[in-house]
Amino acid sequence: MAVQVQLSSLWLPSPTVTVPFVHCKSKTKPSTTSLASSASLSSSLSSSAPIIQTVGGKQSSWHGGNSNNSNGSIEAYEEECDWADLDADLYYWTKSLRPVQWYPGHIAKTEKELKDQLKLMDVVIEVRDARIPLSTTHPLMDQWLGNRKRILVLNREDMISMADRNAWATYFAKQGTKVIFSNGQLGMGTMKLSRLAKALASDVNVKRRSKGLLPRAVRAGIVGYPNVGKSSLINRLLKRRMCPAAPRPGVTRVLKWVRFGKDLEFLDSPGIIPMRISDQAAAIKLAICDDIGERSYDVADVAAILVQMLARIPTVGITALQNRYKIDMDGTCGKTFVQKLALHLFNGDTHQAAFRILTDFRKGKFGWISLERPPR
């Protein structure tokens, strides 16, 4: 007998699977394109990928080192979860929800100024959230940068597993993109970033000398979505607080050049985000990871979807959620779980219950978890 649970305006019927609540699919889900087996993909990646050194963080699994895939192998990573199916379900979970849109007034001005400043940059450093690398890149970034030299920084690498880092390093290496994993809070990866920026732009002063000009500092612009850690990286490099930084989107509001020694300058910029986010699955991930303003989304809806995602990831699953919140989850979907938690701990306040779940995820209480995987 089908059981229906309402997530905002979306009714999600529970299917006949062994896990009772997490596979809450739409009634009219079209068939998806067949994918190659994960075993063959794992073999090809592990045999042909160059060796990439990851910087900083803990070399642990999603459970902080207790699961069987703590060696970080891509084969074990591929077997963790049916990501294609999860992504398809996420699309349907978000389809009928209120669209998540956030575009503060200062971003439009920043975008225009940043385009002008790009002309002065020798190298561009794009910072993304390591938990959602695909969702935290601006769709026009490639167009803006053109042929400029680029370094990709995946920040918060301490919040994902070694298997995640290896998979993303392999993916970007195949694209020819130089990638550094960093932890802006602790400073891991920052010195390697400064050395790589100088190395990529070393020909700048060679050309200047050939023209009879004096050498100048290398100019590196740091760009990316809100709250991905751009200012924190700069502060760690400088070893002092030169740029305002806080764990919420929209703190940096103006462009600011800061000097690092005699031969390197950084441009700190406010987060830039599209005027309209067409991919609402990506928008929900931004909300989950606190990379978009809280006023743009319904906290209870986002927390409900996060619960359904975590339950689908084997290294978290139903058991971890039940053990943490002491709630029986049999026969429930995400929204019902949030409501039960509200009654259990917050006198029926669903907003507080939803905020607790999101905060626990953002603080790593469920382990080292990436919400995206490299495309096949």
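These numbers come from a predicted model, not from an experiment.

Chemist: Explanation requested: the overall build of the protein chain in the structure shown.
Modeler: Within the protein chain, the secondary structure is distributed over 14 helices and 8 strands. Within the protein chain, the fraction of its 376 residues that count as buried is 54%. Sequence-distant contacts in the protein chain: of pairs separated by 6 or more residues, those separated by 24 or more amount to 73%. Total accessible area on the protein chain stands at roughly 17300 Å², and carbon and sulfur atoms take up 51% of it.

Chemist: Sorry if this is basic, but what is going on with helix H13 (residues 334–345) here?
Modeler: Residue pairs three or four apart in sequence face the same way in an α-helix, which turns once every 3.6 residues. An ideal rise of 1.5 Å per residue puts 16 Å on 12 residues; H13 measures up with 16 Å between its terminal C-alpha atoms. Listed in full, the buried residues belonging to H13 are Gly334, Phe337, Val338, Leu341 and Ala342. In an axial view of H13, the angular spread of the buried residues amounts to 140°, which keeps them on one side of the axis. Buried residues in H13 make contact with helix H11 (299–312), helix H12 (317–325) and helix H14 (350–362).

Chemist: How should the nonpolar core be read in this particular structure?
Modeler: If you look at soluble globular proteins, the nonpolar side chains tend to sit buried side by side. Residues Ile125, Ile151, Phe266, Ile288, Ile292, Ile357 and Phe361 are the most contacted members of the largest nonpolar core, which totals 75 residues. Each of domain 1 (83–98 + 298–363) and domain 2 (104–268) contributes no fewer than three residues to this core. In contact with Ile151, not counting residues within four places along its chain, are Val123, Val124, Ile125, Glu126, Lys178, Ile180, Leu193, Leu196, Ala197 and Leu200.

Chemist: In this structure, what is going on with the packing of H11 against H14? I would like to understand it.
Modeler: Geometry of a packed helix pair, given as the angle between the helix axes and the separation of the axes. With their axes 8 Å apart at the nearest point, H11 and H14 run at an angle of 50° to one another. Considering their axes alone, H11 and H14 lie oblique with respect to each other. In this structure, the crossing between H11 and H14 has a hand that is left-handed. Between H11 and H14, the contacting residues are Val299, Ala300, Val302, Ala303, Leu306, Val307 and Leu310 on the first element and His351, Ala354, Phe355, Ile357, Leu358 and Phe361 on the second. Taken together, the residues of the contact of H11 with H14 sort by class into 12 nonpolar, 1 polar and no charged.

Chemist: Just checking my understanding: could you explain empty space enclosed by the protein for this structure?
Modeler: Vacant regions in the atomic arrangement are exposed by a probe of water-molecule size rolled over the atoms. Per the counting criterion, the structure on display carries 2 cavities of 30 Å³ or more. Here the largest cavity is characterised by a volume of approximately 60 Å³. The wall of the largest cavity is formed by Leu97, Arg98, Val100, Ile284, Tyr297, Asp298, Asp301 and Val302. Computed from the structure, the second largest cavity encloses a volume of approximately 30 Å³. Lining the second largest cavity we find Arg131, Met159, Phe361, Gly367 and Ile369.

Chemist: In this structure, what is going on with the pairing of strand S7 (residues 256–260)? I would like to understand it.
Modeler: Here 5 bridges tie S7 to strand S8 (residues 264–268), and the two strands are oriented antiparallel to one another. Within S8, the residue paired with Phe260 across the bridge is Leu264. Between S7 and the antiparallel strand that follows it, S8, lie 3 residues; Gly261 among them carries a positive phi value of about 70°.

Chemist: How should the confidence of the model for the protein chain be read in this particular structure?
Modeler: Parts of the model with low pLDDT should not have their predicted coordinates read in detail. Counting all residues, the mean pLDDT for the protein chain is 75, and 73% of those residues have values of 70 or more. Under a pLDDT of 50 for its full length, residues 1–78 has, in the predicted model, 163 contacts with residues more than four places off or in other chains. Considering only residues more than four positions removed or in separate chains, one finds that residues 242–251, a stretch of pLDDT under 50, has 30 contacts.

Chemist: Mind showing me how you'd approach unusual backbone geometry here?
Modeler: Where the residue is not glycine, phi is negative for most of them; where a peptide bond is considered, it is trans in most cases. A positive phi is found at Lys326, a non-glycine position, where the angle reads about 55°. Mapped onto the secondary structure, Lys326 falls in the loop between H12 and H13. Its relative accessible area of 63% is what places Lys326 among the exposed residues. Of note in the backbone geometry, Asn347 takes a positive phi value of approximately 55° without being a glycine. Along the chain, the position of Asn347 falls in the loop between H13 and H14.

Thresholds, definitions, all that
- Along each chain, residues carry numbers from 1 onward, in the same order as the chain's sequence is written.
- Note on the predicted model: pLDDT of at least 70 is required for a residue's local features to be given, and 80 or more for side-chain atom pairs to be given and counted; whole-chain, interface and lining totals, by contrast, use all residues.
- Side-chain metrics in this entry use all non-hydrogen atoms of the structure; hydrogen atoms and water are not considered.
- Segments assigned H or I by DSSP are reported as helices when at least four residues long, segments assigned E as strands when at least two residues long, and all are numbered from the N terminus.
- Buried means the residue's accessible area, taken with a 1.4 Å probe over protein chains only, is under 20% of the maximum for its type, while exposed means over 50%, and partly exposed covers the values in between.
- By the convention used here, residues are in contact when the closest approach between their heavy atoms is within 4.5 Å.
- Computed with the Shrake-Rupley method and a 1.4 Å probe, the accessible areas treat only the protein chains shown as cover for residues.
- Expected helix span is taken as 1.5 Å per residue step, with the number of steps being one fewer than the number of residues.
- Throughout, the arc means that of the directions going from the helix axis to the C-beta atoms.
- By nonpolar core is meant a set of buried Ala, Val, Leu, Ile, Met, Phe, Trp, Tyr and Cys residues that side-chain atoms within 4.5 Å join together.
- What fixes the domain bounds is an automatic or database domain assignment.
- Note on geometry: axes are lines fitted to C-alpha atoms, helical ones only across the stretch in contact, with angles between N-to-C directions running from 0 to 180 degrees.
- Note on angle classes: values under 35 degrees are labelled roughly parallel, values over 145 roughly antiparallel, values of 65 to 115 roughly perpendicular, and the remainder oblique.
- Each crossing is labelled by how the near helix is turned from the far one, with a counterclockwise turn of less than a right angle marking it left-handed and a clockwise turn marking it right-handed.
- Asp, Glu, Lys and Arg are counted as charged, while Ala, Val, Leu, Ile, Met, Phe, Trp, Tyr, Cys and Pro are counted as nonpolar; the rest, among them Gly, fall into the polar class.
- Of the two site types, the cavity is a set of points on a 1 Å grid over the protein atoms alone where a 1.4 Å probe fits but cannot get out, and the pocket is an open set with protein on both sides within 12 Å along at least five of seven lines, each lined by residues with an atom within 4 Å of a point.
- Grid points are joined across faces, edges and corners, and a volume is the space filled by probe spheres set on the points.
- A strand pair is defined by DSSP finding two or more bridges across the two strands.
- For every residue, the predictor reports its confidence as pLDDT, a number between 0 and 100.

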